[in-house]
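# Observations on the model geometry
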Amino acid sequence: MSEHFTAVLVDDLEKVFPKRDPRPFDTSVPLTGHAGERISFQVAVRYPDLDRLPADEFDLTVSCAGTSVTLHRAALVPADMPIFPVHDDNYIDDVPGLYPDLLVPLASGEGQATSALDLRSPGWNSFWVDLGLSGVSAGPVAVRLVHRPRAWGDEQAGEGRLLLEADLPLEVTPVEAPSTPIRHIAWLHSDSLAAYYETPVHSELHWKAIGSHIASAADMGVTAVLTPVWTPSLDTAVGTYRPNVQLLGVWHDEDGYQFNTDLLDRFLGLLREHGIRQVEIAHLFTQWGARRTPQVWVDTAEGPQMRFGWHVAATDPAWREFLAEAIPFLRDHLEPEWGVENVLWHISDEPSEQHLEAYAAARAVVADLLEGAVIIDALSSPDFADVVDHPIVATDHVHDFLERGLTVRNVYYCVGQARAVSNRFIAQHAIGHRHLAAQMFVQGADTFLHWGYNFYWAQYAVRPIDPFRETSAGGRFPSGDPFVVYPGPEGECWPSLRHRVLGTMTHDARVMAWAEQLVGREAVLAIMDPEGSFAGERGYEAAWPDPVDYRRRRLELDRRVRAALGGR
């Protein structure tokens with residue numbers, strides 16, 4: 001029956017759906033990367049059109065000298081809200097259904113990995129291959145897929161038959177690129193992990209899950225993780241509270257405030273262990289207005305108290321009294337090791353024009369305490385330019401800032417950036433997850449922030465969700481916006497194919513910065529933005545590039561780097 005099955009190799013910028021023929025891998029554009037980079041491709045297998053689905057199995061073997069090889073199932077997940085009813089053409093589909101996203105680990109090995117595969121869906125099934133490159137990696141990448149028919153009833157089982165055997169070309173730069181020039185900020189929601197695993201906050205299982213999610217963030221190129229010194233006041237319904245995940249121990253008596261950093265130091269140790277370079281402090285005031293204070297628990301002689309929260313105004317003298325002790329303490333604790341430039345502070349998230357006065361008042365509460373510190377906030381209005389030291393601008397509002405003659409070095413996207421600009425929604429074409437790095441290079445930006453690394457809640461955190469069943473925060477956001485990883489068994493962190501593409505985006509940024517040093521900025525621009533479409537006030541809104549052409553651009557960039565290094 002092997003002749004009825006179909007197998008094809010597919011690149012990492014194609015999403016394989018059961019009923020859509022995938023775009024085959026274009027071998028005129030070899031796999032390419034540098035030592036220390038992970039590159040990926042897919043093996044897609046199609047069931048024949050029969051009146052029953054045979055329970056056949058397949059053996060997949062991928063081999064490549066000098067690499068670590070990992071095989072995954074590219075599993076389908078429910079995209080219950082793929083995108084808003086009115087949208088552009090950058091979406092594969094807008095119909096709710098099952099979409100490829102989750103990467104379920106199957107097997108791994110050095111130089112080779114083999115796994116038995118079973119097909120779960122009529123039509124096409126995809127298996128994702130990761131190759132971890134080293135300085136001695138050498139192509140080609142050998143792919144071998146054997147079909148093993150199973151017997152039906154008293155039928156005789158057929159012999160294994162070779163369904164696919166192919167070599168993929170691979171070119172490797174044998175030295176590692178310099179570290180990423182992008183400050184990549186991800187909001188880790190540690191309360192999501194405690195809720196999903198139904199484990200007490202800061203239990204050993206909770207710490208294991210925190211560690212695995214931080215490791216996966218670093219693997220995606222993240223350099224800064226939201227640190228819940230106090231429980232973040234983010235995406236929370238007014239008057240309600242998310243689970244308390246406060247890391248800073250606080251005691252108060254007649255002598256004032258005293259602080260304990262045992263939990264904070266354990267969290268910082270995980271950041272350090274996994275190569276996270278910046279510490280991002282949870283916001284000092286509530287989201288969307290900066291009118292109230294975050295949830296802060298204080299130990300007293302009478303017991304623990306929620307001293308601050310929705311019931312305390314942003315300008316309350318008691319909050320200033322607390323911060324006058326807490327902020328200097330935290331700066332003294334963090335800055336000597338991490339550096340003042342690597343400790344990131346927030347006033348409030350996403351203020352809009354009507355919040356300008358309240359935001360300015362909140363900032364005034366802490367202005368003297370944060371003198372010389374890095375203060376960043378995500379927003380869309382250039383009206384805040386005078387009160388936000390380092391605005392992080394929504395990519396579809398960059399033109400508003402540029403039209404006023406303002407410089408934009410920091411960008412973000414979220415649910416609101418659903419047209420034209422890059423994003424990470426499950427229903428979007430994968431190239432839209434990747435080309436942001438080239439846009440940032442052209443625009444001279446060096447910071448990217450995203451709020452939804454692992455938000456496993458319905459909107460406003462009104463209830464926890466199962467991310468394997470709900471991908472849209474209860475139908476409020478386009479599927480995939482709230483998270484880019486999945487909670488695996490026993491605290492593991494499972495990636496998505498979007499996680500992998502975003503990781504490649506970070507490596508693109510590394511190589512562009514590297515090539516700029518070696519061959520000059522103009523040469524890099526000519527390769528990565530040959531038509532100049534990413535330049536100008538609306539460069540982030542430019543038409544998305546063709547995925548094969550974009551892979552070819554990266555290949556050409558790598559070849560220029562290798563030539564500049566003397567052909568190594």
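See the structure printed just above.
Residues numbered from 1 in each chain as written. Predicted model: local features only at pLDDT ≥ 70, side-chain atom pairs only at ≥ 80, totals over all residues. Heavy atoms only, no water.

What follows deals with the overall build of the chain. Regarding its fold elements, the chain presents eleven helices and 23 strands. Against the compact-globule benchmark of 24 Å for 568 residues, the chain has a radius of gyration of 25 Å, which places it among compact chains. The principal-axis extent of the C-alpha atoms belonging to the chain is close to 85 × 60 × 45 Å. Taking all 568 residues of the chain together, 61% fall into the buried category. Nonlocal contacts in the chain, meaning residues at least 24 apart in sequence, comprise 76% of its contacts between residues at least 6 apart. Just so you have it, the chain exposes about 21100 Å², and 49% of that area is on carbon and sulfur atoms. (Helix = DSSP H or I, 4+ residues; strand = E, 2+ residues; numbered from the N terminus. Rg over C-alpha atoms; globule rule 2.2 N^0.38 Å. Buried < 20%, exposed > 50% of the residue type's maximum accessible area, 1.4 Å probe, protein only. Contact = heavy atoms within 4.5 Å. Areas by Shrake-Rupley, 256 points an atom, 1.4 Å probe, with all protein chains shown as cover.)

Moving on, we get to the pattern of salt bridges. Across all of its chains, the model carries 34 salt bridges by this definition. Arg144 serves as the salt-bridge partner of Glu165, at 3.1 Å between the closest nitrogen and oxygen. Highlighted residues: Glu165 in strand E8 (residues 161-168) and Arg144 in strand E7 (residues 138-148), separated in sequence by 21 residues. What makes Glu165 exposed here is its relative accessible area of 54%. Put simply, Glu37, Arg434, Asp508, Arg554 and Asp558 are held in one network by salt bridges that share partners. (Salt bridge = Lys/Arg side-chain N within 4 Å of Asp/Glu carboxyl O.)

So, on to the sheet that holds strand E17 (residues 343-345). The sheet built from eight strands closes into a barrel, its strands ordered E10-E11-E14-E17-E18-E19-E20-E21 with parallel pairing. Put simply, the sheet's adjacent strands are angled 30 degrees from each other on average, direction ignored. The strands touched by helix H4 (residues 317-338) within the sheet are strand E14 (278-281) and E17, with E17 carrying the most contacts at an inclination of about 145 degrees. (Pairing = 2+ DSSP bridges. Axes fitted to C-alpha atoms, helices over the stretch in contact; angles between N-to-C directions.)

Let us look at the layout of surface pockets. Its volume calculated, the largest pocket comes out at about 320 Å³. Forming the boundary of the largest pocket are 19 residues, of which Ala218, Asp219, Gly221, His507 and Arg510 lie nearest the centre. At the level of secondary structure, the elements contributing two or more residues to the lining of the largest pocket comprise helix H2 (204-219) and helix H9 (497-519). For the lining of the largest pocket, the element with the most residues is H9, which contributes four residues. (1 Å grid on protein atoms, 1.4 Å probe; cavity = no way out; pocket = protein on both sides within 12 Å on 5 of 7 lines; lining within 4 Å. Points joined across faces, edges and corners; volume = space filled by probe spheres on them.)

All right, on to unusual backbone geometry then. Cis peptide bonds are those with omega within 30 degrees of zero, and the linkage from Gly139 to Pro140 qualifies with 5 degrees. For Pro140, the position within the fold is in strand E7. Within the chain, His202 stands out as a residue other than glycine whose phi angle is a positive 65 degrees. Topologically, His202 is positioned in the loop between helix H1 (190-197) and H2.

Let us now look at H4. The terminal C-alpha atoms of H4 lie 30 Å apart, and with 22 residues this matches the ideal 32 Å at 1.5 Å per residue to within 8%. Approximately 25 degrees is the largest bend angle found in H4, and it occurs at Leu323. Among all positions in H4, only Trp319, Phe322, Leu323, Ala326, Ile327, Leu330, Arg331, Leu334, Glu335 and Trp338 are buried. If you check the start of H4, you find a side-chain oxygen 2.8 Å away from the backbone N of Ala318, and it comes from Asp316. One or two residues past the end of H4 sits Gly339, with phi positive at roughly 90 degrees. (Expected span 1.5 Å × (residues − 1). Bend = angle between axes of the 7 residues up to and from the residue. Polar contact = N/O pair within 3.5 Å; in protein donor to acceptor, adjacent residues only side chain to side chain.)

Another aspect to go through is the nonpolar core. Considering soluble globular proteins, one finds that nonpolar side chains tend to be buried as a cluster. Counting 123 residues, the largest nonpolar core has Trp230, Leu284, Phe285, Phe322 and Trp345 as its most contacted members. Leaving out residues up to four positions away in the same chain, Phe322 has contacts with Trp230, Val250, Tyr257, Phe259, Val296 and Phe308. By size, the runner-up hydrophobic cluster in this structure holds 31 residues, among which are Ala7, Phe25, Val129 and Leu131. (Core = buried A, V, L, I, M, F, W, Y, C linked by side-chain atoms within 4.5 Å.)

Further remarks concern the side chain of His433. You can see His433 is positioned in helix H7 (residues 431-434). Polar side-chain contacts of His433 include one of 3.0 Å to the side chain of Lys15. Setting aside anything within four residues of it in sequence, one finds His433 in contact with Lys15, Ser422, Asn423, Arg424, Phe425, Gln428, Arg498, Val501, Leu502 and Met505.

With that settled, consider the packing of aromatic side chains. Tallied over the full model, the rule gives 26 aromatic pairs. Ring geometry for Trp451 versus Phe477: centroids 5.5 Å apart, planes at 80 degrees, classification edge-to-face. Here Trp451, found in the loop between strand E21 (447-450) and strand E22 (485-487), pairs with Phe477, found in the loop between E21 and E22; they are 26 residues apart in sequence, far enough to count as distant. By the burial criterion, Trp451 is buried, and Phe477 matches it. Taken together, the ring pairs connect Trp230, Tyr257, Phe259, Phe285, Phe308, Trp319, Phe322 and Phe329 into an aromatic cluster. (Phe/Tyr/Trp six-rings, centres within 6.5 Å; stacked < 30°, edge-to-face > 60°.)

Two elements in contact, helix H3 (residues 262-273) and H4, have axes separated by 13 Å at closest approach and are oriented at 20 degrees. By the criterion of interaxial angle, the relationship of H3 to H4 is roughly parallel. You can see that H3 and H4 cross each other, and the crossing is right-handed. Counted together, Leu264, Asp265, Leu268, Leu271 and Arg272 of H3 and Leu330, His333, Leu334, Glu337 and Trp338 of H4 form the full contact between these two elements. (Parallel < 35°, antiparallel > 145°, perpendicular 65-115°, else oblique. Left-handed = near helix turned anticlockwise from the far one by under 90°.)

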